[in-house]
Each structure stands twice: as structure tokens, then as C-alpha cells.
Amino acid sequence: MRLSIRIKQIVGVTAIVGLSVVALSALYTNRLANVVLRESLSRGKMLANTVLHRAGGIVTGDVDPYLALREDQGLRSILESSIYGDNISFAAIVDTSGTVIVHNNRAQVGRTLAERADLEAVIGDTPLDKLRVIFAGDGQTLEVRETLKRGSEDFGSIRIGVSTLLMRSQLRDLLNDALFTGAAALAVAVFVAGFLSQLLLRPIHVLRSGLTRLGRGEFGVTLDLPAGDEFGELGDFFNTVSQQLSADRTLLAGQKANLQSAVEHLEDAVALFNPSGELLFSNPAMQHTLPADAIGRVLDGLLPTGHPYRTLVEETLATRKSRGPIQIQGHSTEPVQAPARSGDTGPSLRASGTPPIVTKPEAKPGDDELVVTHAIAGTRGELVGVLLVSRNLAHLSRMQSTLAYSRKLVALGRLTAGIAHEVKNPLNAMMIHLELLRTKIRGSVTAALQPEPVAAAGGTLGLGPARAAALPASIQGALEHVEIIESEIRRLDEVVQGFLKFTRPEDLRLQPVRVMALFEEILPIIEIEATKHGVKVTTDVSVSTPNVNGDLGMLRQAFLNLAINACQAMPQGGSLRLVAGPASRQRVEIRIEDTGVGIKPEHLSRIFDLYFTTKERGTGIGLSMVYRIIQMHDGEVEVQSTPGRGTTFRVLLPRANGV
């Protein structure tokens, strides 16, 4: 079982404290044992000296020392009272052969007293031997001895018995306090070790958490560690590395996306094999020969024997040298059928929920191809894979033809744009002269209808009709024709203006744009059109909506076109909602929802085509401009419509950097 650093630290600190407590407890126990033994020895010596002093006063002259000692009542009283002292089990005087002369228990007189271990000798033993003597078995009796002399001759000895049971009881009481103190010290050590581990190891936990987040692929992970020590320096170093990793990951992600996009959109067919001949990758152009579900299958199970692709790859694997380019003629593109897998019930969709779309033309029998294989070497020179590239020469010829045609279309577009620009000048001149013509017609008619002057006293009076005279029918018809011509010229001018605006390249001025501010800017213009049609306009912008990366003026024009079109699609009134919120893939979603007449299914695929319109006086440029603006912003626009129930335009725009 793997132990964490915190557990190891707690165990280590506790072990150190425990060993210290054990060592100190052993030393303390030894000292306690010495104290108890020396105290018992001191009491025994004191009693022996008392008996010796009494016996010295009795044994004098030529008297029988044994008889004198036996018959002395004072000595007997001292011995009999000695058993009331602590740890004293008996007191006796014996002769040189060990026979009891006087004993605190009179029944023992005349018997031989067995020798026991000398207490003074036990005190000189090792600590372990001392404890063994005190705690062994049911206890034993130790002796304190004092020799009796008469002159220079030994005639007996004083033997005081000291019980180890009494010592054991006394020592146990003292050790209980020591054990309680040791247990308390261990408990405090565990608590302090845990607190210190929490305090000291917190930076390590923070570092581990940061590394875990980095391992999960999070960007911009930073650690807030107190400065001034090694952990603070480590935290600063971690933050620097994290920022560098985030920058590298962003760069690699962009490069990977660009590489993947480039490979997937290559006109050349590309496949990658490992040294064992297993297919690792094939781009859409190659999938007519090596389908995507063949990933992981070996080469001999994918292509028949003699197939040019298989032959070149096998030769490259065998020789570890690149082959080609080699021109080959059309061949069968049918791959070897893969064995059915258990559980397969039929064709499946991609993870995104859409079927695979093949945008590359397939090689046809008879088409010439240019095939090359590259042996990919590792850092140590070993073969790590084989890259197979096939170029359809017939398709290349068609692409060159298409490119030439595209150049002609570009030239034609420039020509038509120039023509449209030249048309504007005559249109402007026609508008000016139509206005002059209208003014002259009205002026000539007004002059013809002036009243004749009437003579009066002192002068003339200018009398006219009471109200303006009606224009003649011929003049009125001419003016109506002028107005029709003017209206059509204005409509033609709008078409030309829209065409020029659509074809003229524009520079994007990208900046962070707040969606709510964009809505607030276009709402006053929308409400004028909404009031005219009885439409209720509402906005719903989530507080978590990020800023979008866009050109404010162009986005204003795009969403204004969508909103005004929505209002015009509700002639009987309705509701218009402007909704915005965050979306996946670092995008912002903006929806324009109306409850209008909707779009017919047959028109839905053409609404973004230039000059396509279903309005009576529409130009067919508005939605084309919307599509172009969103496309220029690297965005997406989708439309969903149900006739009679309404239409929803869904726009996805990239988020602004740093949001």
C-alpha cells in the first residue's frame, strides 16, 4: 500500500517521539527501580544497624552469645516490630551455619534459614536484571545482611528480608504515571505532526493539484504560493512553465488544426502506415481506396496482391527507402472487404451525427496517377512509418482547367463591376434631367394658367382663381410617366449599389464587440419598422455571453438586415426576439426569431443567393450581404423555418481573445 507524504510525516514524527518516550521511559524506569531498591536497602540497613547496635550491647564478656541474644526481650521486640515497616518481610539473627537464633516469628527459631539473593548485589546488576528480579513470577524475598563479630571472630549475621511484591506494587504506581505521561506525549505528537504536515505540505498539495489540472489539459493554470521560501520559488517556476505550456498548447492546437484541415482538403490522396503495415490514417481523398473504417487493419487485408499502393508500401517497408514518384495507370479502387465484426448491424454515422461527406473526386479506371512513398525515420534513425501519397493527374488537369475558368470569372467579375460603376454615372445624370424635366413641365403649366390683369382705379388688380387649377390630363399623364421612370431608375441604382457593395473587397476592423451594446444600437431602427407592422421586439442576452471578435459596423448591418427582414415577414403583427448566449467551440450564438409567414421549403436553399428574392420590390442583396459578412468573420449562419409559424436565423461568431 502506497503511503502519502502526510502519513509518512505523521508516522515519522510519531515514531521519533515514540522512540524518545520509550528511551526516556526506560531510563526513568531504571531510575525508579534503583530508587525503590535503594530505599528498601536503606530501610533494611537501618533495621540491621538497629539490631546490630542492640546485639553489641548484649554480647559482652564470657557469656554465651547465642543464649544472650535469644533471651534478650528488647532484641526480640525490635525484630517483631520490624515487620510493620514497608517492604520488610522478616528479620532474623542466624549463626554461622544458618540456624536461626532469633526471628520475628518465634516458630522459625532453631531452623535453618535458606539464603536468598543479596539486595545490595541486585542493585549492582543491569537495569533489565533489576526489573526481572522485581517483576518475575509471584515475587521473591531479597536479603539485607550484616555480619556479627565478637572481637575479630564472626559468630553470626543479621538477615533482613525485603519482599519484591511490595517493591513491585510501589514501582507500578510510579510507572502508571509515567505511562500516562508517555501516552499523552504520543497523542500530542500525532496532533502536532498532523498540524505540521497540513501546514508544511500544503504547498505540495497545491503543486500536485496544479500538475493534475495541467495533465487534464487545462490552460493558464497558476498557483498562489507564499513568496519568500523554496516553495514560493517553485510556485513562480510552475507558473512560468504553465504559461509556456499554455502558449505551446495553443500554438500546437492551431498548428494541428491547420495541418489536419490542410491534409483533409488536399487534392492528393494520403495514407500513413506503421512499420507493421497497419493503416494509421487516410484522408478523404484516399478513403475511396482505404476507407476510414479500415484504420488498424494490415496492408495485406486491405488491398489485393499486385495493387500498386500495396506493392510500393511493401517495398518501402522492406528496403526502408522512399520510392517514386511513379506514374501508374488507373486500377481497381475496390478495397479488400473487412471481416464482419460481432455486433455490427449496418452503416453508422459519425460521432458528430452527420454521415461522412466525400468532397474529393475518386480515381476512375484509366486515370493516370503519380504515386510516391516516403520512409519516415525516427530520432534514432529507425523506421517509424511509411507515408503514401497519390496524385490524380487527370483530376489535376481538370483542376488546372477549373483554375483557368476561375481566372476568367474573376476577370469577368471585374469587368461587370466596372460596367456597374460606369452605369451609375448615366443613372445619376438621368435622375438630374428627370427632375429638370418635371420642373419645366410644372413651370410651363403654371405660367399658362396665370390670370389676366383687371383694370381698376389707380392701377390694375391681379385676380386669379380661388383655388389652384387642375393640370391638364396630358400634362398629368406625362408627370406620372416621369415618376415611373424615376422610380425604376432609383430601383436600378439600388441594385447597382448593392452589386458594387457585394463585389468590392472590404477590410475587417476586428475588435471585441459586446452583443448587448450591438442590440441596443440597432433597436431604435428596428422599432421604427416594428411599429409600422405591429411587431413586438424583445431581447434576451445571457449575462455570461462573451464578447465577439468582429467589425462593429459590418455586424450592425448584418443583424439590422436580418431584423428588418423579420419585421417585414410579419405584416399582420407578431413577435421578434433577439437572443444571445455562449456556445461550444469558443463561439457565441445569436438568434433572430420571428413568428412571421416563414419560408417555403423550395426557397430555403436559395435565400442566400445573390439577387434571389420573394419580395415584390426586393433586390435580393440583403441576405447575400449577411452571409458574406458572417463568412468574413469566420462564422456560421443557419436558418430554420416553418411556413405559417416563423423563421429562426442562428449565427455563430468567434469569441474575442481573452474572453
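Calculation notes
Residues numbered from 1 in each chain as written. Predicted model: local features only at pLDDT ≥ 70, side-chain atom pairs only at ≥ 80, totals over all residues. Heavy atoms only, no water. Helix = DSSP H or I, 4+ residues; strand = E, 2+ residues; numbered from the N terminus. Buried < 20%, exposed > 50% of the residue type's maximum accessible area, 1.4 Å probe, protein only. Areas by Shrake-Rupley, 256 points an atom, 1.4 Å probe, with all protein chains shown as cover. Patch = residues over 30% accessible without salt bridge, like charges linked within 9 Å, V, L, I, M, F, W, Y side chains within 5 Å. Salt bridge = Lys/Arg side-chain N within 4 Å of Asp/Glu carboxyl O. Pairing = 2+ DSSP bridges. Axes fitted to C-alpha atoms, helices over the stretch in contact; angles between N-to-C directions. Contact = heavy atoms within 4.5 Å. Polar contact = N/O pair within 3.5 Å; in protein donor to acceptor, adjacent residues only side chain to side chain. Parallel < 35°, antiparallel > 145°, perpendicular 65-115°, else oblique. Left-handed = near helix turned anticlockwise from the far one by under 90°. Arc of directions from axis to C-beta.

### Some points on the overall build of the chain
What the chain contains, in helices and strands, is 14 helices and 18 strands. For the chain, buried positions account for 33% of its 659 residues. Roughly 39,200 Å² of accessible area belongs to the chain as shown, and the carbon and sulfur atoms make up 57% of that amount.

### Comments concerning a nonpolar patch on the surface
Taken together, the side chains of Val188, Phe191, Val192, Phe195, Leu196 and Leu199 make up a nonpolar region of the molecular surface, amounting to roughly 590 Å² of accessible area. Relative to the helices and strands, Phe195 is located in helix 6 (residues 164-215).

### Side note on the pairing of strand 1 (residues 88-94)
For strand 1, the tally of buried residues reaches six of seven residues, placing the bulk of the element in the interior. Counting the residues that bridge the hairpin from strand 1 to strand 2 (residues 100-103) gives five residues, and of these Gly98 lies at a positive phi of roughly 95°.

### Structural notes on helix 14 (residues 622-632)
Buried within helix 14 we find Leu623, Ser624, Met625, Val626, Arg628, Ile629 and Ile630. Asp634 sits one or two positions beyond helix 14 and adopts a positive phi of about 60°.

### Focus on the sheet that holds strand 2
Through backbone hydrogen bonds, the strands of a sheet pair up, either in parallel or in antiparallel fashion. Strands sit in the order 2-1-4-3 across an open sheet of four strands; the sheet is antiparallel. In this open sheet, the two edge strands, each paired with only one partner strand, are strand 2 and strand 3 (141-150). Strand-to-strand, the axes of this sheet are offset by a mean angle of 25°, without reference to chain direction. Bridge count between strand 1 and strand 2: three bridges; the pairing is antiparallel. For Val94, the partnering residue across the bridge sits in strand 2 and is Val100. Across the sheet, helix 3 (residues 73-82) touches strand 1 and strand 2, and the angle it forms with strand 1 is around 155°.

### Re the side chain of Thr647
Considering the arrangement of structural elements, one finds Thr647 in strand 18 (residues 646-654). What makes Thr647 buried here is its relative accessible area of 4%. Polar contacts involving the side chain of Thr647 include one to the side chain of Ser641, which spans 2.9 Å.

### Some words on the sheet that holds strand 18
Read from one edge to the other, the open sheet built from five strands follows the order 13-15-16-18-17, with strand pairing classed as mixed. For this open sheet the edge positions go to strand 13 (535-541) and strand 17 (636-642), each flanked by a neighbour on one side alone. Mean inter-strand twist for the sheet, computed between neighbouring axes without regard to direction, equals 15°. As judged from the eight bridges shared by strand 16 (residues 587-594) and strand 18, these two strands associate in the antiparallel manner. Across the sheet, Arg587 pairs through a bridge with Pro654, a residue of strand 18.

### Focus on the pattern of salt bridges
Under the definition given, this model contains 22 salt bridges. One salt bridge connects Glu39 with Arg43, and the closest N-O pair in it is separated by 2.5 Å. Of this pair, Glu39 and Arg43 are both found in helix 1 (residues 5-58), four residues apart, which corresponds to roughly one turn of the helix. For Arg591, the salt bridge identified is with Glu589, shortest N-O distance 3.4 Å. The structure contains a network of salt bridges with shared partners spanning Asp540, Arg577, Glu589, Arg591, Glu593, Glu638 and Arg650.

### Quick look at the packing of helix 11 (residues 515-533) against helix 12 (residues 552-568)
Running from N to C, helix 11 and helix 12 cross one another at 25°; their axes reach a closest spacing of 10 Å. Taken together, the axis directions place helix 11 and helix 12 in an arrangement best described as roughly parallel. When you trace helix 11 past helix 12, the crossing you get is right-handed. Seen from helix 11, the contacting residues are Leu518, Glu521, Ile522, Ile525, Ile526, Glu529, Ala530 and His533; seen from helix 12, they are Leu552, Leu555, Arg556, Phe559, Leu560, Ala563, Ile564, Cys567 and Gln568.

### Brief notes about helix 3
Among the residues of helix 3, Leu75, Arg76, Leu79 and Ser82 are the ones counted as buried. Around the axis of helix 3, the buried residues are gathered within 125° of arc, so they sit on the same side. Sitting at the amino-terminal end of helix 3 is Asp72, which places a side-chain oxygen 3.4 Å from the backbone nitrogen of Gly74.

### Some words on the pairing of strand 6 (residues 279-282)
Here three bridges tie strand 5 (residues 269-273) to strand 6, and the two strands are oriented antiparallel to one another. Bridge pairing links Phe273 to Leu279 in strand 6. Between strand 5 and strand 6, which pair antiparallel and follow one another directly, the connecting turn spans five residues, one of which, Gly277, has a positive phi of 85°.

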